[in-house]
Amino acid sequence: MWGRRRRPDQIGGTVERYEQEHLTAALSAIPPARRFWQHAKQPHNIGFRADSNATATGVGSCGDKISIGLRVMGNTIEEVTCAPEGCVYTTACASAMSVLAKGCTLDEALRLQPEDVVGELEGLPEDHLHCARLAVNTLGEAIADYYRRAVLADRSSADKKV
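Remember, it's a predicted structure, so these values are computed and weren't measured experimentally.

Quick notes on the rules
Along every chain, residues carry numbers that run from 1 in the direction the sequence is written. Totals for whole chains, interfaces and linings use all residues, but because this is a predicted model, local features are given only for residues with pLDDT of at least 70 and pairs of side-chain atoms are given and counted only at 80 or more. Heavy atoms throughout the structure, all of them, feed into the side-chain values; hydrogens and water do not. Stacked, tilted and edge-to-face are the three classes assigned to paired rings of Phe, Tyr and Trp, where Trp is represented by its six-membered ring and a pair needs centres within 6.5 Å; plane angles under 30 degrees give stacked, over 60 edge-to-face, the rest tilted. Any Lys NZ or Arg CZ found within 6 Å of a ring centre and within 35 degrees of that ring's normal is scored as a charge over the ring. Burial classes: relative accessible area under 20% of the type maximum marks a residue as buried, over 50% as exposed, and values in between as partly exposed (1.4 Å probe, protein chains only). Think of it this way: any DSSP run of H or I at least four residues long counts as a helix, any run of E at least two long counts as a strand, and we number them from the N terminus. Throughout, a residue-residue contact means that at least one pair of heavy atoms, one from each residue, lies within 4.5 Å.

Caption draft 1: Spatial organisation of the packing of aromatic side chains. In this structure the tally under the stated criterion is three aromatic pairs. Each residue in the set Phe36, Trp37 and Tyr89 is aromatic and connected to the rest through ring pairs, giving one cluster. Lying across the ring of tryptophan 37, lysine 41 places its NZ or CZ 5.5 Å from the centre.

Caption draft 2: Quick peek at unusual backbone geometry. Located in the positive-phi region is asparagine 45, a residue other than glycine, with phi close to 55°. Residue asparagine 45 is classed as partly exposed on the basis of its relative accessible area, which comes to 23%. One non-glycine residue, glutamate 122, adopts positive backbone phi at about 60°.

Caption draft 3: Structural view of the environment of valine 118. Within the secondary structure, valine 118 is located in helix α5 (residues 114–120). When the C-alpha atoms of valine 118 and leucine 129 are compared, they prove to be 7.9 Å apart, with eleven residues separating the residues in sequence. If sequence neighbours within four positions are ignored, valine 118 has contacts with Gly123, Leu124, Leu129 and Ala132.

By themselves these figures say nothing about function.
Below is the structure:
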């Protein structure tokens, strides 16, 4: 009797409670890294600035969303703000991406990879790597928006001179 596993209904619980207890135990057996929890519990650069000169919103395959605002001066990203909506992994990845991108030139920021975000977090479960891709891809879209706006501003100023 001791080595036999019993079903949840045999021990007076529901299947959902049984699964939740085992899921909690499994997650606590392999806790995410300390750096991950720092970004998850106290994310950096959260919010959205009205004076951003580039913006983008990305939606992941899971439905999570990250909105990014950039304040670019010259060729350098002076400020990065992000507004993640979704799971704790999306929040942590958005925070890590913002820390990595702040102070970079636009070309350096475009070279950021999801692996860089994972490195900043000191690891990420494989089934949440898409959160790192979402953060990096949304940053790329914000940079593309900056370049689009720059081209439009150049055309506008050229039209005024004519």
